[in-house]
Amino acid sequence: MAKRRVAILISGRGSNMTALIEAASAKDFPAGIVLVISNIANAGGLASASAAGIETATVESKPFGKDREAFERKLHDTLVAHNIELVCLAGFLRLLTPWFVKQWDGRMLNIHPALLPAYKGLHTHERALADGVKIHGATVHFVVPEMDSGPIVIQGAVAVRDDDTPETLARRVLGVEHRIYQDALRLVASGGTRIENGICRTDASGSPDDMLIVPAII
Ligand code: GRF
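Residues numbered from 1 in each chain as written. Predicted model: local features only at pLDDT ≥ 70, side-chain atom pairs only at ≥ 80, totals over all residues. Heavy atoms only, no water.

Under the defined criterion, the tally for this structure stands at 9 salt bridges. Two residues, Arg73 and Glu69, come together in a salt bridge whose shortest N-O distance is 3.0 Å. Remark: Glu69 and Arg73 occur in helix H3 (residues 68-81); sequence separation between them is 4 residues, near one turn of the helix. Looking at Arg73, the relative accessible area reads 39%, which means it is partly exposed. Among the ionic contacts, a cluster of salt bridges with common partners joins Arg194, Glu196, Arg201 and Asp203. (Salt bridge = Lys/Arg side-chain N within 4 Å of Asp/Glu carboxyl O. Helix = DSSP H or I, 4+ residues; strand = E, 2+ residues; numbered from the N terminus. Buried < 20%, exposed > 50% of the residue type's maximum accessible area, 1.4 Å probe, protein only.)

Buried within helix H2 (residues 44-51) are the following residues: Gly45, Leu46 and Ala49. For H2, the arc enclosing every buried residue in end-on projection is 105°, short of the 170-degree limit, so these residues lie on one face. Of the residues in H2, the exposed ones pointing more than 90 degrees away from the buried face are Ala47 and Ala51. Buried residues along H2 sit against strand E1 (4-10), helix H1 (15-24), strand E2 (31-38) and strand E3 (55-58). Count one or two residues on from H2 and you reach Gly53, which has phi positive near 80°. (Arc of directions from axis to C-beta. Contact = heavy atoms within 4.5 Å.)

Turning next to the environment of Ala49. With respect to the helices, strands and loops of the structure, Ala49 is situated in helix H2. Counting along the chain gives 166 residues from Ala49 to Pro215, while the straight-line C-alpha distance between them is 39 Å. With residues near it in sequence (within four places) discarded, Ala49 still touches Met17, Ile21, Val36, Ile54 and Thr56.

Now for the site of the ligand. Inspection of the region around the ligand gives Arg13, Gly14, Ser15, Asn16, Gly91, Ile111, His112, Pro113 and Glu177 as its neighbouring residues. Between the ligand and Gly14, the relevant distance is 2.8 Å, taken from an oxygen atom to a main-chain nitrogen or oxygen of the residue. In this structure, an oxygen atom belonging to the ligand sits 2.5 Å away from a side-chain N or O atom of Ser15. In the complex, 82% of the free accessible area of the ligand, which totals 370 Å², lies under the protein chains. Of all the elements in the fold, those that place two or more residues in the shell around the ligand are H1 and strand E5 (108-112). (Near = heavy atom within 4 Å. Polar contact = N/O pair within 3.5 Å; in protein donor to acceptor, adjacent residues only side chain to side chain. Areas by Shrake-Rupley, 256 points an atom, 1.4 Å probe, with all protein chains shown as cover.)

So this is what it looks like as structure tokens:
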């Protein structure tokens, strides 16, 4: 079967983008990354994408100022011109309007560095540490107009350590992100997900006996 044509939208370093590009280069992966778009000129991820042989484009948001829809129309036109079927947001620092989200309804994923619905928004690791939570993680979800909401495809968790700083925690969560984003894309691109009443159901079996208990009392 032909690979689904995927575009990744970035604004920065693009480590999730790189993980997706690597995963999708496998012959049996159901999606191919055919385009990387940045809304910021010279975003670090653009050079990594080019080095991996992926076509890149810059659609700068800045010149459009407050006219978010005008920026998004250009973005949308670029995606359509490349026959894109699925969009992955990976550190794309723009709020999207309901219009754009509607164009890609059920076909756009985002990764968020927290176990949603906890810690929507920014500074998730700082806030998790301030609350003293013992388990933290990352979520891949379908994009809906409301920020960091939408049907959850997959989540991955890490234990929070007493000596964690936002940086050490971010590093471990990022490792989880790189793993779960490719799993989510594999699932969605192969048709293994369906949305029922706003909930994402999957064909994946998971490991129902796994427990993560923190701290572990020996
Ligand atoms: C990641 O933590 C992602 O969850 C968040 O923005 C960060 C992007 O990092 N949405 P990178 O550009 O993929 O390295």
